[in-house]
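Residues per chain are reported as follows:
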Amino acid sequence: MSRYQLATAGEVEEAVRATVECCEVIDLHTHLFPPSHGNLMLYGIDELLTYHYLVSEFFMIAPLSITHDLFFKLSKREQADLIWEYLFVKRLPISEAQLGVLTTLQMLGLEDYIKSKDLNAIRAWYAKQDPYQYARRVFKIAGVKYAVMTNVPFDEDEAKYFRSDDNGGDDNNNISSNKYPIPTFLKTALRIDPLLKGDWGTICKCLTLEKLPHDIEGCKEYLRIWARRIKPMYLMASTPADFQYGPHDKPRQEGWPSATELIDDVMIVIAKELNLPLAMKIGPWRGMSPDLNPCGGGDGVVVADVKPLRELCFKNPDVKFLATFLSRVNQHEVCVLAQKFRNLHLYGCWWYLNNPSIIEEMTKMRVEMLGTAFTAQHSDCRILDQLMYKWKHSRKVISNVLVEYYLKLYKVGWSLTQHDIVTDVNRFLGGSFEEFMNK
Ligand code: RAT
Ligand code: ZN
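Given the structure is predicted, the values throughout are model-derived calculations rather than measurements.

Parameters at a glance
Going along each chain's sequence as written, the residues are numbered from 1 onward. Chains carry letters and ligands carry numbers; both start at the beginning, A for chains and 1 for ligands, and go up in the order they are written. The predicted nature of this model means local features are confined to residues of pLDDT at least 70 and side-chain atom pairs, given and counted, to a pLDDT of 80 or more, with totals for whole chains, interfaces and linings taken over all residues. Excluding hydrogens and water, the side-chain values take into account all heavy atoms of the structure. With axes taken as lines fitted to C-alpha atoms, and helix axes fitted only over the stretch in contact, angles between N-to-C directions fall between 0 and 180 degrees. Here a helix means four or more residues in a row that DSSP labels H or I, a strand means two or more in a row labelled E, and each is numbered from the N terminus. Working rule for handedness: look at the near helix, and if it is turned counterclockwise from the far one by less than a right angle, call the crossing left-handed; if clockwise, right-handed. Throughout, a residue-residue contact means that at least one pair of heavy atoms, one from each residue, lies within 4.5 Å. In this classification, the charged set is Asp, Glu, Lys and Arg, the nonpolar set is Ala, Val, Leu, Ile, Met, Phe, Trp, Tyr, Cys and Pro, and all remaining amino acids, among them Gly, are polar. In this listing, donors mean N, O and S atoms no farther than 2.8 Å from the metal, or 3.2 Å for Na, K and Ca; water is missing from the atoms, so a site can look incomplete. Exposure categories follow from relative accessible area, calculated using a 1.4 Å probe and restricted to protein chains: below 20% of the type maximum is buried, above 50% is exposed, and the middle band is partly exposed. When DSSP finds two or more bridges between two strands, those strands count as paired. Handedness rule for crossovers: strands pointing away from the viewer, path from the first strand over the helix to the second running clockwise, crossover right-handed. We call a residue near a molecule or strand when any one of its heavy atoms sits within 4 Å of it. Pairs of N or O atoms within 3.5 Å make up the polar contacts considered here, provided that, within protein, one atom can donate a hydrogen while the other can accept it, and that residues adjacent in sequence are counted only when both atoms are side-chain atoms. Under the convention used here, a 1.4 Å probe and the Shrake-Rupley method define accessible areas, while residue burial counts only the protein chains that appear. Every case where a carboxyl oxygen of Asp or Glu lies within 4 Å of a side-chain nitrogen of Lys or Arg is listed as a salt bridge. Working definition of a nonpolar core: buried Ala, Val, Leu, Ile, Met, Phe, Trp, Tyr and Cys residues. They are joined through side-chain atoms within 4.5 Å. Patch definition: residues with relative accessible area over 30% and no salt bridge; like charges joined within 9 Å; nonpolar side chains (Val, Leu, Ile, Met, Phe, Trp, Tyr) joined within 5 Å. To estimate how far a helix should extend, the number of its residues minus one is multiplied by 1.5 Å.

Undergrad: Please clarify how the packing of helix H14 (residues 216-230) against helix H15 (residues 259-274) should be interpreted in this entry.
TA: In a packed pair of helices, the relevant descriptors are the angle between the two axes and the axis-to-axis distance. Two elements in contact, H14 and H15, have axes separated by 10 Å at closest approach and are oriented at 35°. Between H14 and H15 lies a crossing of right-handed hand. Where H14 abuts H15, its residues Ile-216, Cys-219, Lys-220, Leu-223, Arg-224 and Ala-227 lie against Leu-262, Asp-265, Val-266, Val-269, Ile-270, Glu-273 and Leu-274. In the contact of H14 with H15, the residues fall into 9 nonpolar, no polar and 4 charged.

As structure tokens, this is what we get:
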């Protein structure tokens, strides 16, 4: 890497663009699974077309005779046929999620099929792919060094792949050497939403499965067991729309611990004991439109209260918090918070924010307020193939934004080398996250 000074504005711009385009990113939140986890690894055109973002868009324009009930009774292929017909053939596919499908196909070299709008030819192409080789290929094309999964121990369909009796070893087994290996390009994260929801009912069912007592000690032991099994990079949870934290927080049912107790007496205690950061995902309104729940698309967004995160960061300076907020409205307030608490790291433009216009605005605000100390994006992919388009689209916006700021620096006379640019730009795409995790 050259340490020679970049001599012109054009050279600075080129260095920034080339680095954003070529650098290997760290995707710090996805819903991907390895090929060894069977049907949980989603890929292919029918999965792409039935992504819950597109199902929601489909119902905006589909004839009222296609009810939610009818639609969700169809096979995945039949659902995909309808979405293709209504969102791609009968109108031009210009939304971010629609364009995403086409960018994905283009990146796979399937332009001819895009031109001929030949869905069955695309299906036939996919049928020939070996999932293991395909997964490696997608990560390579997307330029992703590794992606962090979302591993939910409360969901038996997922949990079974990590249980000792299923994976052929004891609880201390290295997960990458067991019956369901995890490739090096995927990392684990332990998702514990029922704690932040104060959903003691779900927790107790899972404590029973592990033969643990239904109390705070049992719950802590449950997290220890799962942390040992999956070796997560961090603990993670999203908050419910009515999230409360503090003395006013009431249990969901009489006799249950409140979410606040589960946070303070279980989550924080275990985070400290195991030295695991906590990734907080704040602002969804789960099940806002129940009709769309079957595809995972029923959730909305609320403007969240930033105070609970402030309280947690303030009270626990020895715990690291990663945070992302779903509402656009919260973004400025949370940038201020991140400036003030050195145990807080902001990441990504989450879900409804993952659109070029909003990524641009958020990245600008974050650069102006946080410099390089944040992670510009995560993909939230549910379907393997999406890694390609989500990162391509994000890189484009991030590149445009960063060029603007490095040019400002150049224009005030700061000398810049290629090496400076590469080091700095990598920070936005995973480097800052690793610096935060290691500090
Ligand atoms: O982006 C999504 O697909 C959402 O449905 C959620 O998965 C969200 O990202 C979450 O992690 O809760
Ligand atoms: Zn997610």
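Undergrad: Even after reading the chapter, I still don't get the coordination of the zinc ion (ligand 2), so can you show me in this structure?
TA: In an ideal octahedron of six donors the angles at the metal are 90 or 180 degrees, and in an ideal tetrahedron of four donors they are 109.5 degrees. In this structure, His-29 (NE2), His-31 (NE2) and Asp-380 (OD) serve as the protein donors to the zinc ion (ligand 2), at separations of 2.0 to 2.1 Å. One chain supplies every donor to the zinc ion (ligand 2), and in sequence these donors are spaced H-x1-H-x348-D. With His-31 in the loop between strand E1 (25-27) and helix H2 (45-49) and Asp-380 in the loop between helix H18 (356-370) and helix H19 (386-411), the pair connects residues that are 349 residues apart, well separated along the chain.

Undergrad: Can you help me understand the pairing of strand E5 (residues 235-238) in this one?
TA: Two faces belong to every sheet, and in a regular strand the side chains alternate between them. Burial of the side chains of E5 extends over both faces: Leu-235 and Ala-237 are buried on one face and Met-236 and Ser-238 on the other. For strand E4 (residues 190-191) and E5, the ladder comprises 2 bridges, and the chain directions are parallel. Bridge assignment links Leu-190 to a residue of E5, and that residue is Leu-235. Crossover E5 to strand E6 (residues 278-282) through H15 is right-handed.

Undergrad: Where do I start with the site of ligand 1 in this structure?
TA: Taken together, His-29, His-31, His-52, Tyr-53, Arg-191, Lys-281, Arg-286, Trp-350, Trp-351, Asp-380 and Arg-382 make up the full set of residues adjacent to ligand 1. A distance of 2.8 Å is found between an oxygen atom of ligand 1 and a side-chain nitrogen or oxygen belonging to Arg-191. A total of 310 Å² of accessible area belongs to ligand 1 in isolation, and the protein chains cover 98% of it. Broken down by class, the residue content of the shell around ligand 1 amounts to 3 nonpolar, 3 polar and 5 charged.

Undergrad: Please explain the sheet that holds E1 as it appears in this structure.
TA: Pairing between the strands of a sheet comes from backbone hydrogen bonds, and it takes one of two forms, parallel or antiparallel. Strand order in the open sheet formed by 3 strands is E1-E2-E3, with parallel pairing between adjacent strands. At either margin of the open sheet sits one strand with a lone partner, and together these are E1 and strand E3 (186-187). One ladder, built from 2 bridges, connects strand E2 (residues 144-148) with E3; its direction is parallel. What sits directly across from Ala-147, in E3, is Leu-186. H19 rests against E1 and E2 of the sheet, and its axis sits at about 120° to E1.

Undergrad: What should I look at first to understand the pattern of salt bridges in this one?
TA: Oppositely charged side chains can form a pair if their charged atoms are brought close together. Inspection of the entire model under this criterion finds 22 salt bridges. A salt bridge links Glu-47 to Lys-76, with the shortest nitrogen-to-oxygen separation between them at 3.2 Å. With Glu-47 in helix H2 and Lys-76 in helix H5 (residues 76-89), the pair connects residues that are 29 residues apart, well separated along the chain. A residue is classified by how much of its surface remains accessible, and Glu-47, at 15% relative accessible area, is buried.

Undergrad: What should I look at first to understand the nonpolar core in this one?
TA: Considering soluble globular proteins, one finds that nonpolar side chains tend to be buried as a cluster. In this structure, Phe-58, Leu-309 and Phe-321 are the most contacted members of the largest nonpolar core, which totals 135 residues. No other element matches the 12 residues that H19 contributes to this core. With sequence-adjacent residues up to four places away left out, Leu-309 is seen in contact with Met-280, Ile-282, Phe-321, Ala-323, Phe-325, Val-334, Leu-337 and Leu-344. Counting residues in each nonpolar core, the second largest holds 13 residues, with Ile-26, Leu-28, Val-148 and Tyr-234 among its members.

Undergrad: What is the right way to read the sheet that holds E6 from this model?
TA: Read across the sheet, 5 strands follow the order E4-E5-E6-E9-E10 without closing on themselves; strand pairing throughout is parallel. Of all strands in the sheet, those with a lone pairing partner are E4 and strand E10 (344-346), marking the two edges. Relative to E10, strand E9 (residues 321-325) runs parallel, the two sharing 3 bridges. Counterpart to Leu-322 in the pairing with E10 is His-345. Across the sheet, helix H16 (residues 307-315) is in contact with E6, E9 and E10; its angle to E9 comes to roughly 170°. Each of E9 and E10 touches helix H17 (residues 331-340); the most contacted strand, E10, lies at about 140° to it.

Undergrad: So what exactly am I meant to see when it comes to a nonpolar patch on the surface here?
TA: Together, Leu-409, Val-412 and Trp-414 line one region of the surface with nonpolar side chains, adding up to about 340 Å² of accessible area. Positionally, Val-412 belongs in the loop between H19 and helix H20 (418-438).

Undergrad: It is not clear to me how the packing of helix H3 (residues 52-61) against H5 should be interpreted in this structure. Could you clarify?
TA: It is the contact of H3 with H5, at a shortest axis distance of 10 Å, that shows an interaxial angle of 60°. Note on packing geometry: the crossing formed by H3 with H5 is left-handed. Taking contact as the criterion, the partners of Leu-54, Val-55, Glu-57, Phe-58 and Ile-61 in H3 are, on H5, Leu-82, Ile-83, Tyr-86 and Leu-87. Counted by class, the contact of H3 with H5 contains 8 nonpolar, no polar and 1 charged residues.

Undergrad: Can you help me understand H18 in this one?
TA: Each α-helix winds once per 3.6 residues, and so residues spaced three or four apart point in a common direction. Look at H18: 20 Å from first C-alpha to last across 15 residues, which is about the 21 Å you get at 1.5 Å a residue. Those residues of H18 not exposed but buried are Ile-358, Ile-359, Met-362, Thr-363, Met-365, Arg-366, Val-367 and Leu-370. Of the surrounding secondary structure, the elements contacted by the buried residues of H18 are H17, E10, H19 and H20. The positive-phi residue at the C-terminal boundary of H18 is Gly-371, with phi of around 60°.

Undergrad: Help me understand the environment of Phe-433, please; the structure alone is not making it clear to me.
TA: Residue position: Phe-433 is located in helix H20. We classify Phe-433 as buried; its relative accessible area is 0%. Sequence-wise, Phe-433 and Ala-376 are 57 residues apart; in three dimensions their C-alpha atoms are separated by 9.8 Å. Apart from the residues within four sequence positions on either side, Phe-433 is in contact with Ile-26, Leu-28, Tyr-146, Met-233, Tyr-234, Leu-322, His-345 and Thr-375.

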